Number of protein chains: 2
Amino acid sequence: MLRLHGYFRSSAAFRVRIALNYKQLDYQSIPVHLLRDGGEQHSASFRQRNPARLVPVLEDGALMLTQSLAIIEYLEETHPTPALLPRAAAGRARVRALALSIACDIHPLNNLRVMRYLKSPLEIDDPRRDEWSRHWIALGFTALEAMLAQPGTAGDYCYGDAPTLADCCLIPQVFNAQRVHCPLEPYPIIGRIYDHCMRQEVFARAAPAAQSDAE
Amino acid sequence: MLRLHGYFRSSAAFRVRIALNYKQLDYQSIPVHLLRDGGEQHSASFRQRNPARLVPVLEDGALMLTQSLAIIEYLEETHPTPALLPRAAAGRARVRALALSIACDIHPLNNLRVMRYLKSPLEIDDPRRDEWSRHWIALGFTALEAMLAQPGTAGDYCYGDAPTLADCCLIPQVFNAQRVHCPLEPYPIIGRIYDHCMRQEVFARAAPAAQSDAE
């Protein structure tokens, strides 16, 4: 059986949980507590699974798969139905661009280790750290909203009327935005897709609060 | 003909240039000066191509492709030979994980707009901004070096003995590391792959100094 090493609040792990649920793949969830005991991701046993000390890691037999987007592409190739990418190259490029605009342009700036470095050694106080988070989310969501508004892009989901890799990335990012009180009113398409997704069991069951390690 | 909107020093554009060269695809290079006149990426005409105001953009007929990794996956699907991804799903996942460990975990923290925000409003001075860059590169390269050292990974290139998507990402990141004087001695595999790649015409011709807009 697949084994997912993750953390309830990790948005990268959340992405993979959505993909696993959508493809109806059973998996065992193995919590890695990112804050307890200085962070379980730094333990010798976890570092053997992933030298980058980051969740998620998906174990498929002897394979240790890392990086959420690489994991989802792997699941797409090994379990193609239902698909998380369209068939035609142009659509696939579009969905990947939407996903990467979150995974490269927003999320890396707001993850745990970056927020910690801003606090120490850079001595950026709490309000300015929150403002940092909101700044990058607002910049990224402004771009994403414009991309989603382009012809042939958003429907009920980011790309048309079925979930794709882009939704796997968007929904966890909206959760993060809510945590730092980033206003979502300027992004009506993002807001509409979020509301629609969270009514679907595939997404709701992947949410942080629904995980066994939720606090 | 393909048209690549880029900037000689952009490492995301550099990635795509390597892929285009490797696949022997002719393209017209259209420079977008990221610093002149407040940044040409903010112009109305460029924003119509990419609302995210980032290079590169690859135009293929009416298609406007954004996000360097999505562009390279598109080139791989539309021009599969020579390949930049292995055939088997496990190898593809490995190559994508190496590429994403650069594209998500290192590069986003050191790009132009982030360095600017650190300067203003955060008032982080030059030495501490350089230290910020070196910190994330060192953390990322330490993880990457360990991944490359794992069985079945690095050969002459990041994955075996032919270029892949991972090398498209690694070489531009090494250029960035050199610009901020990040020591590379702790990463002998990365150093060896870099030296090997830069002796190949495909990589050398993609380098910043070889571009028409180089300064």
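Residues numbered from 1 in each chain as written. Chains lettered and ligands numbered in written order. Predicted model: local features only at pLDDT ≥ 70, side-chain atom pairs only at ≥ 80, totals over all residues.

Looking at this model, I keep getting lost on the relation of the copies chain A and chain B. Mind explaining?
The operation linking the two copies of the chain is a rotation about an axis combined with a translation along the axis. Take chain A, turn it by 180°, move it 0.0 Å along the axis, and it overlays chain B with an RMSD of 0.0 Å. Accordingly, the operation relating the two chain copies is best matched by a two-fold axis. Using C-alpha coordinates, one finds that chain A approaches the rotation axis most closely at Cys104 of chain A, a distance of 2.4 Å. Taken together, the interface assignments show that 100% of the residues at the interface of chain A recur at the interface of chain B, consistent with an identical surface on both copies. (Least-squares fit on C-alpha atoms with pLDDT ≥ 70 in both. Contact = placed C-beta atoms within 7 Å.)

What should I look at first to understand the sheet that holds strand β3 (residues 57–60) of chain B in this one?
Hydrogen bonding along the main chain pairs the strands of a sheet, whether they run parallel or antiparallel. All names here are of chain B. With mixed pairing, the four strands of this open sheet are ordered in space as β2-β1-β3-β4. Every other strand in the sheet has two partners, leaving β2 (27–31) and β4 (63–66) as the edge strands with one partner each. Neighbour-to-neighbour, the strand axes of the sheet open up by a mean angle of 20°, direction not taken into account. As paired elements, β3 and β4 share four bridges and run antiparallel to each other. (Pairing = 2+ DSSP bridges. Helix = DSSP H or I, 4+ residues; strand = E, 2+ residues; numbered from the N terminus. Axes fitted to C-alpha atoms, helices over the stretch in contact; angles between N-to-C directions.)

It is not clear to me how helix α8 (residues 188–198) of chain B should be interpreted in this structure. Could you clarify?
At 3.6 residues per turn, the α-helix brings residues three or four places apart onto the same side. All names here are of chain B. Residues of α8 that are buried: Ile190, Ile193, Tyr194 and Cys197. Along the axis of α8, the buried residues cluster in a sector spanning 100°; they form a single face. Away from the buried face of α8 by more than 90 degrees, exposed residues Pro188 and Asp195 are located. Against the buried residues of α8 lie α6 (126–149), α7 (165–179) and α9 (201–204). (Buried ≥ 20, exposed ≤ 12 C-beta atoms within 10 Å, placed from the backbone. Arc of directions from axis to C-beta.)

Quick question: what am I supposed to make of the domain arrangement of chain A here?
All names here are of chain A. Per the domain assignment, the segments of chain A are domain 1 (2–82) and domain 2 (89–203). The gap between the C-alpha centroids of domain 1 and domain 2 is 20 Å. Listed by partner, the interface residues are ten residues for domain 1 and 15 residues for domain 2. Those elements that place two or more of their residues in the side of domain 1 that touches domain 2 are α1 (11–22) and α3 (68–78). Per element, the largest residue contribution to the side of domain 1 that touches domain 2 is seven residues, and it comes from α1. (Domains from an automatic or database assignment.)

Is there a simple way to explain the sheet that holds strand β2 (residues 27–31) of chain A in this structure?
Residue and element names in this part refer to chain A. If you trace the four strands from one edge of the open sheet to the other, you get β2-β1-β3-β4, paired in mixed fashion. With partners counted over all chains shown, the strands left at the sheet margins are β2 and β4 (63–66), one partner each. Sheet twist, expressed as the mean angle between neighbouring strand axes with direction ignored, is 20°.

What exactly am I supposed to notice about the environment of Arg128 of chain B here?
Residues and elements named next belong to chain B. Within the secondary structure, Arg128 is located in helix α6. A residue is classified by how many C-beta atoms lie within 10 Å of it, and Arg128, with 15 of them, is partly exposed. Counting along the chain gives ten residues from Arg128 to Leu118, while the straight-line C-alpha distance between them is 9.4 Å.

What is the right way to look at the interface of chain A and chain B in this model?
Interfaces are frequently sized by the accessible area removed from exposure as the parts join. Taken together, the contact between chain A and chain B spans 34 residues of the former and 34 residues of the latter. Residue assignment for the side of chain A that touches chain B shows that the elements contributing at least two residues are β4, α3, α4 (89–103), α5 (112–119) and α6 (126–149) of chain A. Per element, the largest residue contribution to the side of chain A that touches chain B is nine residues, and it comes from α4 of chain A. Grouping the constituent residues of the side of chain A that touches chain B by class yields 23 nonpolar, five polar and six charged. (Nonpolar A, V, L, I, M, F, W, Y, C, P; charged D, E, K, R; others polar.)

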